[in-house]
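A structural walkthrough
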Amino acid sequence: MDLEKFAQQIEQVHQRTKAFDQCVGESSLSQKHLLVQALEDLHTALEELHVAEEELIAQNENLAIAQNLIEKEHQRYLELFDCAPDGYLVTDTDGKIIEANRAATNQIKVPKKFLIGKPLSNYIPEEERRAFRTQLLQLRRMEQIQEWEIRLQPRHGNEFDCSINLTTVYDDQGNLLGWRWLLRDITARKQAEEQLRSIQLQNLQLQEATRIKSQFISVVSHELRTPMNTILGFSQLLLRRYYHLLPPELKTMVERIVNSGKQLLALIEDILDFSTLEADKLELQRQEFNLVELVTDTTEQLHFLAKQKNLTLAVHTNIQNPIIVNDKDRSRQVLVNLLDNAIKFTNVGGVFVEVRQTDQDKLEVMVRDTGIGIPEAELKHIFQGFWQLNQSTTRTHGGTGLGLAIVDKLLHLMNGTITVESKEGEGSTFCIILPRNLNS
Ligand code: ADP
């Protein structure tokens, strides 16, 4: 029941009493009869009043419940406001602080009672204060306020970067009262951005350095290769044509020139390959070929090396279909490298090659030797460029420490893999897996 209804009921009782009063004056009925009618009317009026009173009590109770709810809601809002992890301030249109939550007082490092009533510009670094005030004046004219970044200067400690999110506060008539400020400390974000920027810059510098290095290596290697080929060509010709005419001493000298020339040329080729692979510039020549034939041919070509050391060199295979599609020359380069190493680092026993089908789409070539092996701790390094286990072995055996690094990078490009198992003193097994089709 609302108040209007209650007032109507009171009015009804009042009208009834008035009507009765009039009736008493005009009536010709007996006094007893009048009294009975009066009592009846009074009873009805009292009943109505009673109902109205009960409804009023019920309404009051509802009102009290609603008020309680509103108070609880308000309290909850205050708690949320106060305990929010970000700083909240409410200012008037001049930027004077009217409310502040706990996080904001912590950020500015001023107790709430001292913060209220102070201009927010007090906590902006001096050199940025003027710009802040200008911004504040502009805010009044802005329809929509976007995010904005400022620096805050707490009472103690260092300035920090703060992202601001503003909401406008209006009164019931729609007049601008001020703003609600959400202050978020973005020092960590700024630092991360700064770090990212410097890493990106370093990356660019590194990429540029790598590019220059690769270009330098490539140019120098090309420049070295041409005269080297001439030296090698002519000294080999000298040996072939005038072998019988040369005195033994001269023969040994020319042979040395040829051997060193070959080594130097191999080194130049390796460095060139390595730098091309590192710069992602090597392009594969895709073609169909018989892998078993390639393995057998390559092994035969290196037979003389194994024979020199009295080593067995054998190939075993039972593949039905040995045809694959990949880069044939690069596959040969991988095999030569593995076989060359296996022979180089084996003194007794032999080198055994097996070609197998691992699954429908892949073929595997296993090169196993009974050589000196590689210590377990060193296995993880052997595919790194310029890594050699033992400098003295290398001095006797030659090599650059680039072979396996090139093999690893080549196989990656050829969609293949290489793995190694080895035991010091017992031998090593290198296993390469090639896809049947480079593009599959
Ligand atoms: P290198 O030109 O020195 O042969 P590689 O990259 O081919 O360079 O090999 C790196 C090193 O890995 C070699 O110097 C050697 O110490 C070790 N290594 C490679 N293959 C074998 C093998 N079959 N047996 C023992 N050690 C090996």
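Heads up: these notes are all about the structure in this document.

A few words now on the nonpolar core. Counting residues in each nonpolar core, the largest one holds 43 residues, and the members touching the most others are Leu291, Leu338, Val365, Ile418 and Phe430. Secondary-structure elements contributing two or more residues to this core are helix 7 (248-278), helix 8 (291-301), helix 10 (328-344), strand 9 (350-359), strand 10 (362-369), helix 12 (403-413), strand 11 (417-423) and strand 12 (427-435). Residues in contact with phenylalanine 430, not counting those within four places in the same chain, are Leu338, Val365, Met366, Val367, Ile374, Ile382, Phe383, Leu404, Ile418, Thr419 and Val420. In terms of nonpolar packing, the next biggest core, distinct from the first, is built from 23 residues, Ala104, Ile108, Leu136 and Trp148 among them.

Moving on, we come to the environment of asparagine 439. Among the secondary structure elements, asparagine 439 is positioned in the segment after strand 12. A relative accessible area of 57% means that asparagine 439 is categorised as exposed. Between the C-alpha atom of asparagine 439 and that of isoleucine 10, which follows or precedes it by 429 residues, the distance is 97 Å.

Right, let's get into the packing of aromatic side chains. Taken as a whole and assessed by the stated rule, the structure comprises 5 aromatic pairs. With centroids separated by 5.8 Å and ring planes inclined at 10 degrees, the aromatic side chains of phenylalanine 132 and tryptophan 148 adopt a geometry described as stacked. With phenylalanine 132 in helix 5 (residues 126-139) and tryptophan 148 in strand 3 (residues 148-152), this residue pair connects regions lying 16 residues apart in the sequence. Considered together, phenylalanine 132 and tryptophan 148 belong to a single accessibility category, that of buried residues. On the basis of an interplanar angle of 40 degrees and a centroid distance of 6.0 Å, the ring pair of tryptophan 148 and tryptophan 181 is categorised as tilted. Of this pair, tryptophan 148 sits in strand 3 while tryptophan 181 sits in strand 5 (residues 176-185), and the two are 33 residues apart along the sequence. Taken individually, tryptophan 148 and tryptophan 181 each receive the classification buried, so the pair is uniform in this respect. Ring-pair connections join several aromatic residues into one group, and the members of that group are Tyr77, Phe81 and Tyr88. In this arrangement the basic side chain of lysine 251 is found over the ring face of tyrosine 243, its NZ or CZ atom lying 4.3 Å from the centre.

Calculation rules
- Residues numbered from 1 in each chain as written.
- Predicted model: local features only at pLDDT ≥ 70, side-chain atom pairs only at ≥ 80, totals over all residues.
- Heavy atoms only, no water.
- Core = buried A, V, L, I, M, F, W, Y, C linked by side-chain atoms within 4.5 Å.
- Buried < 20%, exposed > 50% of the residue type's maximum accessible area, 1.4 Å probe, protein only.
- Helix = DSSP H or I, 4+ residues; strand = E, 2+ residues; numbered from the N terminus.
- Contact = heavy atoms within 4.5 Å.
- Phe/Tyr/Trp six-rings, centres within 6.5 Å; stacked < 30°, edge-to-face > 60°.
- Lys NZ or Arg CZ within 6 Å of the ring centre and 35° of its normal.

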